[in-house]
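# Structural overview for review
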Amino acid sequence: MIFDFLFAFKRKRVFALTGESGTGKSFHAKLVAFKYGIDLIIDDGLLIKNNRILAGHSAKKEHSFMAAVKVALFDEKSHRDEVARRLQNEKFKRILILGTSEKMVNKIATRLQLPPPSKIIKIDDIATQEEIDKAIRTRRIEGKHVIPVPSIEVKKSYPNIFYDAIKIFKRRNVAGNVLSGIGLVPTLHEKSIVRPEYSKHGRVIISETALAQFVTNCVNEYNKEIKSKKIHVKHAEMGYRLIITIDVPYGIQLSGNIHDLQQYIIDNIERYTGILIEEVNIIIDKVTEQ
């Protein structure tokens, strides 16, 4: 049974569309799917097929940026299990995952029990710089986001964040239409514009100095004998990455508990500051005498 499931999923082809937040990935998703004959789309926590939301829930309904990122990454087990189960029951050959980076789409694929993407398309490969700049302005100034499904679907599931609908006509070739003289056939793509709650409040930003001090306090709370020597803060796509150098007194068995310390730091920073920590790397510089 497990072998049959794995064999079936090996025959699925995963595509990815990547680009920074607000550059127009959701806007272009349907066009990419149409071009490559893709059956399903994974976008911001939703599983979409033929203009319908099949499973999941939208990150756009979250009240904070951090919560929205976690939904988009299928961080909650019940959420990813729901979508993974639906994928197992769907007959499809190709699926498109949207994400801000290759790392993100790989993480989503793994969590949904899909193969890694075999083709990665970057937003600047399919959109002009003018289109990308316009999308960024719309996101940052007006707080507007796009969901690649018709307005009727969004109004039904997320009426509180619905803002407007946009309709795009494209022309496509149909087999035999040139000989019959019909020419190109127009097709309608409708997308929904929404304004999430977190867009109204803006993204939470904290100074590197304040964040470093917060990390020092977390390490001290976890174990007063551990000394943080150096904390390097890096801005990441959706939050921050931390590199923490520490000294550990002789006799403290921290080597097997590094993950606990990492999680303690992440949990406390996210709980009390509302910012997202993408990664925490801990370096043990030396073991000191007590």
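Residues numbered from 1 in each chain as written. Predicted model: local features only at pLDDT ≥ 70, side-chain atom pairs only at ≥ 80, totals over all residues. Heavy atoms only, no water.

### Considerations on the nonpolar core
Formed by 28 residues in total, the largest nonpolar core has its most connected members in I42, L47, L87, I95 and L114. Put simply, the parts of the chain that give this core at least two residues each are β1 (13-18), β2 (40-43), β4 (52-56), α3 (65-72), α4 (77-89), β5 (94-99) and α5 (102-111). Per-element tally for this core: the top contributor is α3, with six residues. In terms of nonpolar packing, the next biggest core, distinct from the first, is built from 22 residues, C218, V219, V233 and I246 among them. (Core = buried A, V, L, I, M, F, W, Y, C linked by side-chain atoms within 4.5 Å. Buried < 20%, exposed > 50% of the residue type's maximum accessible area, 1.4 Å probe, protein only. Helix = DSSP H or I, 4+ residues; strand = E, 2+ residues; numbered from the N terminus.)

### Some points on the environment of P196
Positionally, P196 belongs in the loop between β9 (185-194) and α10 (197-201). According to the relative accessible area criterion, P196 is buried, its value standing at 0%. As for P196 and F65, which are separated by 131 residues in sequence, their C-alpha atoms are 9.5 Å apart.

### Some details on the confidence of the model for the protein
Taken residue by residue, the protein gives an average pLDDT of 80. The fraction at 70 or more is 79%. Taken as a whole, residues 1-7 scores under 50 in pLDDT and shows two contacts with residues more than four places along the chain or in a different chain. This stretch, residues 173-186, has a pLDDT under 50; its non-local contacts, to residues over four places away or in other chains, come to 14 contacts. (pLDDT = per-residue confidence, 0-100. Contact = heavy atoms within 4.5 Å.)

### Topic: the packing of aromatic side chains
Taken as a whole and assessed by the stated rule, the structure comprises two aromatic pairs. With centroids separated by 5.3 Å and ring planes inclined at 40°, the aromatic side chains of F15 and Y36 adopt a geometry described as tilted. Here F15, found in strand β1, pairs with Y36, found in helix α2 (residues 25-36); they are 21 residues apart in sequence, far enough to count as distant. With a relative accessible area of 0%, F15 lands in the buried category. Above the ring of F92, the side-chain terminus of K12 is found at 4.6 Å from the ring centroid. (Phe/Tyr/Trp six-rings, centres within 6.5 Å; stacked < 30°, edge-to-face > 60°. Lys NZ or Arg CZ within 6 Å of the ring centre and 35° of its normal.)

### Describing the pairing of strand β11 (residues 240-249)
Two faces belong to every sheet, and in a regular strand the side chains alternate between them. With eight of its ten residues buried, β11 lies for the most part within the structure. In the sheet, strand β10 (residues 227-235) pairs with β11 via eight bridges, with the strands oriented antiparallel. For I231, the partnering residue across the bridge sits in β11 and is I244. Relative to strand β12 (residues 277-288), β11 runs parallel, the two being bridged by ten bridges. (Pairing = 2+ DSSP bridges.)

### Let's talk about the pattern of salt bridges
Considering all chains together, one arrives at eleven salt bridges under this definition. The salt bridge involving K49 is made with E90; its shortest N-O contact spans 3.0 Å. Within this pair, whereas K49 is found in strand β3 (residues 46-49), its partner E90 is found in the loop between α4 and β5, the two being separated by 41 residues in sequence. Judged by its relative accessible area of 22%, K49 is partly exposed. The shortest N-O distance in the salt bridge between K77 and D81 comes to 2.6 Å. Taken together, the residues K77 and D81, both in helix α4 and four residues apart, mark about one turn of the helix. Taken together, the shared-partner salt bridges in this structure form one network comprising K103, R241, E278 and E279. (Salt bridge = Lys/Arg side-chain N within 4 Å of Asp/Glu carboxyl O.)

### Quick word on the sheet that holds β10
Read from one edge to the other, the open sheet built from three strands follows the order β10-β11-β12, with strand pairing classed as mixed. A strand with exactly one partner marks an edge of an open sheet, and here the two such strands are β10 and β12. For this sheet the average axis-to-axis angle between neighbouring strands, irrespective of direction, equals 15°. Running at roughly 140° to β10, helix α11 (residues 208-222) makes contact with β10 and β11 of the sheet. (Axes fitted to C-alpha atoms, helices over the stretch in contact; angles between N-to-C directions.)

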